[in-house]
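Chain and residue survey
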Amino acid sequence: MGLMDQVELPQPVKYVFNWGRKYSLWCFNFGLACCAIEFIAASTSRHDFIRHGVIPFAHGPRQADLLVVSGTLTDKMAPSVKRLYEEMPEPKYVISFGSCANCGGPYWDSYSVTKGVDQIIPVDVYVPGCPPRPEALLDGIIALQDRIQGESLKDRIAGRRLDPITLGADAPLAIEGATGGASGGPT
Amino acid sequence: MTEVLARRDRALTPEETEKLLRDRLGDGITGSTVEFATFTLHVAPGSWHAAAALCRDEQLLAYDMFDNLLGVDAREDGFDVVAVLYSTSTGNRICLRTRCDGGRDNPVCDSITDIYRGADWMERETWDMFGIEFVGHPGLEPRILTVENFEGWPLRKDFHLTSRVAKPWPGVAEPAELDEDGQVIERVPKIGDAPGPYDLDKAMAAQAKAINAPEVDELEEGADEPESSGSADDGSDGDGSAEAEPEFDQETFDRLIAEGKSERIARSKAKAALIKKKRAAAAAGDAAAGADAGDDDPAAAAAAKADERRKAQAEARAKKAAERAADDDEDAANDAGDSAAQEGDA
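Residues numbered from 1 in each chain as written. Chains lettered and ligands numbered in written order. Predicted model: local features only at pLDDT ≥ 70, side-chain atom pairs only at ≥ 80, totals over all residues. Heavy atoms only, no water.

When helices and strands are counted, chain B shows 12 helices and seven strands. Looking at chain B as a whole, 29% of its 346 residues are labelled buried. (Helix = DSSP H or I, 4+ residues; strand = E, 2+ residues; numbered from the N terminus. Buried < 20%, exposed > 50% of the residue type's maximum accessible area, 1.4 Å probe, protein only.)

Spelled out as structure tokens, the structure:
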């Protein structure tokens, strides 16, 4: 990325740059279960996240900025998710959509379900719910866009991430590594 | 496959099918059941392959479609394998079931992949979930459903969920009511003791009927009932008087008309108002009359039953509380019992 990861952009440039980035999120949907239906509902005319600048169904991970993991992630599927995430170019963002993706959800005791997508890839926004309504995804997207607007691209490209946002949680959880704990699954 | 003789109108019955297969396999067939409209044929493990082959190739049976194959944990007896076959020409469906050789430790079953190609992945899944080895299968490994290095057989009853070991099941195993101390109320239900869904339905239906009954006559009669339990003349007289009475509350009707409502709406609302009024009057009467009316009315009976139940529960709770308190102070225990009993009465 050349200079981008070494030099902090001047504030006005950064503002314009981030403003452009946050309204052009090419979205790669990892639809794994019923949450994917809510994701699709959010993309269609009624909820229409395209008006927020989210462009669904990127042609592949290499063209995507945003990965939405919606649904139950199994151990068998986990390597594929990790691999596709790694194929995405920086700066890239991850929304964990639904209880299963957050922490395993109702399958918390299953022999085959990964206990949250954050076990394998870093997550930016957790959207709780089982499944969350499309509005919740819109909330998550807006939270992510707020973050992108204030972000330092230098830090992002250098791999320094801020703490994830958990929708609906009043304050970030203090427990380390338990960031998905506020989601809807039994705790 | 050669020419198929089986036809939908000549499909063999389960008995005929069993007889035919017994003729061919002898002791290979160990029994049969017809449950939930499914014909299940129990096969000895040695005849498993032969039975499947016969089912497909026998012209009268012609089970040409492989539907399903699964394992069943039979606890200490080992494992069962069930195959479901379907015949597109007769429309029959058959379950073949066998008890695997090798018990729990090393369950082994013949593969039927050479008969039905579709059994391949089903047998791999059964291997994954139960660890039943299918002899003659082209390749059970790598695991098809779980991750490749998975250890254990997750659908066996003795498989431990590691998450559950670290954290117990958060809910109660059975839905239970808690008393005010957070203790589970233990109850041994008896038939007729509590209104089950069906009784509840009946009681609710009776209630709904009572509430929705718009017939003024019936309410009238109900009010009359205690004194005159129904000579025909009296009844007709009563009806006559009811007919003379207006069907709706004139006051409400006039008010609504004055407010500019249509006559139809005003009439219906006024009718409702009248019924409400009557009901209030009847309820007042009932309260005075006490239990007399309750005997005939199923809703009231159910309510009384529920009351009794609540009372019994309160007593039991009081007893428990008394037991708990007995160590400390007997007087206090008595007090608690009294107060709980009062609560039950109220």
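Residues and elements named next belong to chain B. Looking at chain B as a whole, the pLDDT averages 74, with 64% of positions reaching at least 70. Long-range and interchain partners of residues 191–197, a stretch whose pLDDT sits below 50, account for six contacts in this model, where long-range means more than four residues apart. Here the complex is predicted with pTM 0.59, and the ipTM for its interfaces comes to 0.71. (pLDDT = per-residue confidence, 0-100. Contact = heavy atoms within 4.5 Å.)

On to the sheet that holds strand S5 (residues 93–99) of chain B. Residue and element names in this part refer to chain B. Overall, mixed pairing links the five strands, which are arranged S1-S2-S5-S4-S3 in an open sheet. Two strands close off the open sheet at either side, each with one partner strand: strand S1 (29–35) and strand S3 (65–73). In this sheet, neighbouring strand axes are inclined to one another by 20° on average, regardless of whether the strands run parallel or antiparallel. The sheet contact formed by strand S2 (residues 38–43) and S5 spans five bridges and is parallel. Across the sheet, residue Leu-41 finds its bridge partner in S5, namely Leu-96. Docked against the sheet, helix H2 (residues 48–57) engages S2, S3, strand S4 (79–86) and S5, running at close to 170° with respect to S5. Across the sheet, helix H3 (residues 119–130) is in contact with S3 and S4; its angle to S3 comes to roughly 10°. (Pairing = 2+ DSSP bridges. Axes fitted to C-alpha atoms, helices over the stretch in contact; angles between N-to-C directions.)

So, about the side chain of Arg143(B). Mapped onto the elements of the fold, Arg143(B) is located in the loop between strand S7 (133–135) and helix H4 (162–166). One buried charge, Arg143(B), has no salt-bridge partner; the nearest side chain with opposite charge is Asp128(B), at 4.1 Å. Not counting chain neighbours up to four residues away, the residues in contact with Arg143(B) comprise Lys76(A), Arg124(B), Asp128(B), Glu148(B), Phe150(B), Gly152(B) and Trp153(B). (Lys, Arg positive; Asp, Glu negative; His and termini not counted. Salt bridge = Lys/Arg side-chain N within 4 Å of Asp/Glu carboxyl O.)

All right, on to the pattern of salt bridges then. All names here are of chain B. Under the counting rule described, the total for this entry stands at 16 salt bridges over all chains. The partner of Arg-22 in a salt bridge is Glu-18, and the shortest N-O contact between them spans 3.0 Å. Note that Arg-22 and Glu-18 are positioned in helix H1 (residues 14–25) at a spacing of four residues, about one turn of the helix. Judged by relative accessible area, which is 34%, Arg-22 ranks as partly exposed. Its salt-bridge partner being Asp-73, residue Arg-104 comes within 2.9 Å of it at the nearest N-O pair. Pair noted here: Arg-104 is in the loop between S5 and strand S6 (108–110) and Asp-73 is in strand S3, with a separation of 31 residues, a long-range link. When its relative accessible area of 11% is taken as the criterion, Asp-73 is described as buried.

Another point: helix H8 (residues 250–258) of chain B. Residue and element names in this part refer to chain B. Taken as a whole, H8 has its buried residues at Thr-252, Phe-253 and Leu-256. All buried residues of H8 project into a common sector of 100° when viewed along the axis, lining one side. In H8, the exposed positions that point more than 90 degrees away from the buried face belong to Glu-251 and Ala-258. Looking one or two residues past H8, Gly-260 carries a phi angle of roughly 95°, positive in sign. (Arc of directions from axis to C-beta.)

Two packed helices can be described by the angle between their axes and the distance between those axes. All names here are of chain B. Running from amino to carboxyl end, H1 crosses H2 at an angle of 125°, the nearest separation of the two axes being 11 Å. Judged by the inter-axis angle, H1 sits oblique to H2. Every pair of crossing elements has a handedness; the one defined by H1 and H2 is right-handed. Counted together, Leu-21, Arg-24 and Leu-25 of H1 and Ala-50, Ala-51, Leu-54 and Cys-55 of H2 form the full contact between these two elements. (Parallel < 35°, antiparallel > 145°, perpendicular 65-115°, else oblique. Left-handed = near helix turned anticlockwise from the far one by under 90°.)

Summed over all chains, the structure comprises 10 aromatic pairs over all chains. Relative to Phe30(A), the ring of Phe28(A) lies with its centre 6.2 Å away and its plane at 85°, an arrangement referred to as edge-to-face. The exposure class of Phe30(A) is buried, given its relative accessible area of 8%. Where Tyr111(A) meets Phe150(B), the ring centres are 6.0 Å apart and the plane angle is 70°; that geometry is what we call edge-to-face. Here the residue Tyr111(A) occupies a position in the loop between helix H4 (99–103) and strand S5 (125–127), and Phe150(B) occupies one in the loop between S7 and H4, the pair thus bridging two chains. Residue classification places Tyr111(A) among the partly exposed positions, given a relative accessible area of 25%. (Phe/Tyr/Trp six-rings, centres within 6.5 Å; stacked < 30°, edge-to-face > 60°.)

Okay, H3(B) next. Residue and element names in this part refer to chain B. Here H3 contains 12 residues, and its C-alpha end-to-end distance of 16 Å stays within 8% of the 16 Å for a straight helix at 1.5 Å per residue. Looking only at H3, the buried set comprises Ala-119, Glu-123, Arg-124, Thr-126, Trp-127, Asp-128, Met-129 and Phe-130. Elements that come into contact with the buried residues of H3 comprise S3, S4, S6 and S7. Immediately downstream of H3, the backbone of Gly-131 shows phi near 70°, a positive value. (Expected span 1.5 Å × (residues − 1).)

All right, on to the pairing of S3(B) then. Residues and elements named next belong to chain B. Sheet topology places S3 next to S4; eight bridges connect them, and they run antiparallel. Directly across from Met-65, in S4, lies its bridge partner Tyr-86. The hairpin turn running from S3 into S4, its antiparallel successor, is five residues long, and Arg-75 in that turn takes a positive phi close to 55°.

Residue and element names in this part refer to chain A. Taken in spatial order, the six strands line up as S2-S1-S3-S4-S5-S6 in an open sheet, and their pairing is parallel. Sheet topology places strand S2 (54–55) and strand S6 (165–166) at the edges, where each strand pairs with a single neighbour. As defined by bridge partners, strand S1 (residues 25–31) adjoins strand S3 (residues 66–70) across five bridges and the pair is classed as parallel. Across the sheet, the residue bridging to Phe-28 is Leu-67, located in S3. Contacting S1, S2, S3, strand S4 (93–97), S5 and S6, helix H5 (residues 134–149) runs over the sheet at an angle of about 155° to S4.

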